[in-house]
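Secondary and tertiary structure notes
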Amino acid sequence: QVQVVESGGGLVQAGGSLRLSCEASGRTLSTYGVGWFRQPPGKEREFVASINWSGGNRDYADSVKGRFTLSRDNAKNTVALQMSSLKPEDTAVYYCAVRPSPFAYGYRRSTDYTYWGQGTQVTVSS
């Protein structure tokens, strides 16, 4: 079992930056693929980005490509999502999700992930 906790959300002005962090306990993240999803108000949950166990392969939704960067520190059992040039449409609850597999590149469905955090709110004001 893996317990997942996100942190780092908050309120930021358009054009600003935020860094979200995903920490896991119960088992090491180092052999698992990790994804980030978000759920905007009144909309369905959508894929944001994913990273393989080694950090060597990353996948980004077109809507965030070039603005968001995913990284991981397996020694610290954490994955970080650096978000820059934020837009009001990035407002959402952001979720970290873990696959019980080393690979996450190309896996963009919520059902591809087994362990989920509670989410952290990101609000971007215009």
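Structural data are supplied above this passage.
These lines cover the structure that appears in this document, whether it is placed above or below. (Residues numbered from 1 in each chain as written. Predicted model: local features only at pLDDT ≥ 70, side-chain atom pairs only at ≥ 80, totals over all residues. Heavy atoms only, no water.)

**Points about the packing of aromatic side chains**
- All chains considered together, the criterion is met by five aromatic pairs.
- Both rings, one in Tyr 95 and one in Trp 116, keep their centres 6.3 Å apart while their planes meet at 70°; by these two values the pair is edge-to-face. With Tyr 95 in strand β9 (residues 92-99) and Trp 116 in strand β10 (residues 115-116), this residue pair connects regions lying 21 residues apart in the sequence.
- For the pair Tyr 113 and Trp 116, a centre-to-centre distance of 6.5 Å together with 70° between the ring planes defines the contact as edge-to-face.
- According to the relative accessible area criterion, Tyr 113 is buried, its value standing at 4%.
- The exposure class of Trp 116 is partly exposed, given its relative accessible area of 25%.
- Feature note: the residues Phe 37, Phe 47, Tyr 95, Tyr 113 and Trp 116 constitute an aromatic cluster, connected by ring pairs.
- The ring of Tyr 95 has Arg 45 lying over it, and the distance from NZ or CZ to the ring centre is 3.9 Å. (Phe/Tyr/Trp six-rings, centres within 6.5 Å; stacked < 30°, edge-to-face > 60°. Helix = DSSP H or I, 4+ residues; strand = E, 2+ residues; numbered from the N terminus. Buried < 20%, exposed > 50% of the residue type's maximum accessible area, 1.4 Å probe, protein only. Lys NZ or Arg CZ within 6 Å of the ring centre and 35° of its normal.)

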